[in-house]
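Working through the structure, step by step
These are the residues of each chain, in order.
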Amino acid sequence: MIGTHNSYKQPMPAATMAKVRAADPAMADALDYAHRSLVDQLDAGARQLEIDVNYDPQGGHYARGSSDPKLQRPGFKVLHIPGIDNASSCVLLTECLGIVRDWSARHPRHVPILLMFNAKDEQNAARGGIDALPFDAAAYDALDAEIRSVLAPGKLIVPDDVQGRYPTLRDAVLADNWPLLEASRGKFLFALDEPPAKVAVYRGTRRLARRPGVLHQHRRGVARRRLSDAQRPGPRRRTHPPRRTRRLPRPHPRRRQHARGARQ
């Protein structure tokens, strides 16, 4: 599966980049990149996108220093480092989701698209940015609701679809209970790419309240099987690789290289 990291990211304004470079050249180098639009990435073959979501239930929390009226609206914002690296091809999460939904409508036979979410809660004020709001149970409920407000149930592969009648989602995955490729075309999977403590907040809320969640939980640092591109023929092809697929090591954060657009 070909994918991109910080898939929404656009170039930082020159004046902002100059300030960052003067204070921290290494950080400036790490932030000096941008992606093509989400549509261009999908057209080029990307089937995994990564999006940073920032909780903003009242609107305006991340608007300081910006004239973008979208930042005043209630709802999740898609920003890399609020107040520092704000440039985004789709500032509102609903906007990003609408873009991929519309692309999917034009390409209804596409293989499942994986959308990885980072639930941003970094405290950036000390370095000149904006402190993020925490992700509590209410924030995760709002995130599920915002996804469902844009994508119809028939467009989603949610954990309950995989778990089926198995006692746990893990049991279902180990039993190879992923939906078949043909039934998964034109759909989306969402994954929460966070450490165990944050994943537990999301998962625990749904278990106690018996509310079906949208996000598949990927705990950072825990080995997982990677989804294949699922494009090879076969009537029983599933949306994940066979059990003997080699697990690839996760790169060290300091060595991670940001992709400059989707690979051809």
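Here the structure is shown first, and the text comes after it.
We now turn to the structure provided with this report.

Turning our attention to the pairing of strand β4 (residues 113-119). Burial analysis of β4 places 7 of its 7 residues in the buried class, which makes it a mostly covered element. Here 6 bridges tie strand β2 (residues 48-54) to β4, and the two strands are oriented parallel to one another. When the sheet's bridge partners are listed, Ile-51 is paired in β4 with Phe-117. Pairing of β4 with strand β5 (residues 188-194), which is carried by 5 bridges, proceeds in the parallel orientation. In the strand pairing of β5, Met-116 is matched with Ala-191.

One non-glycine residue, Asn-6, lies in the positive phi region at around 50 degrees. Among the structural elements, Asn-6 can be located in the loop between β1 (3-4) and α1 (14-23). When its relative accessible area of 1% is taken as the criterion, Asn-6 is described as buried. The backbone of Asp-176 sits at a positive phi, close to 65 degrees, despite the residue not being glycine. The exposure class assigned to Asp-176 is partly exposed, which follows from its relative accessible area of 27%.

Parameters at a glance
- Residues numbered from 1 in each chain as written.
- Predicted model: local features only at pLDDT ≥ 70, side-chain atom pairs only at ≥ 80, totals over all residues.
- Heavy atoms only, no water.
- Buried < 20%, exposed > 50% of the residue type's maximum accessible area, 1.4 Å probe, protein only.
- Helix = DSSP H or I, 4+ residues; strand = E, 2+ residues; numbered from the N terminus.
- Pairing = 2+ DSSP bridges.

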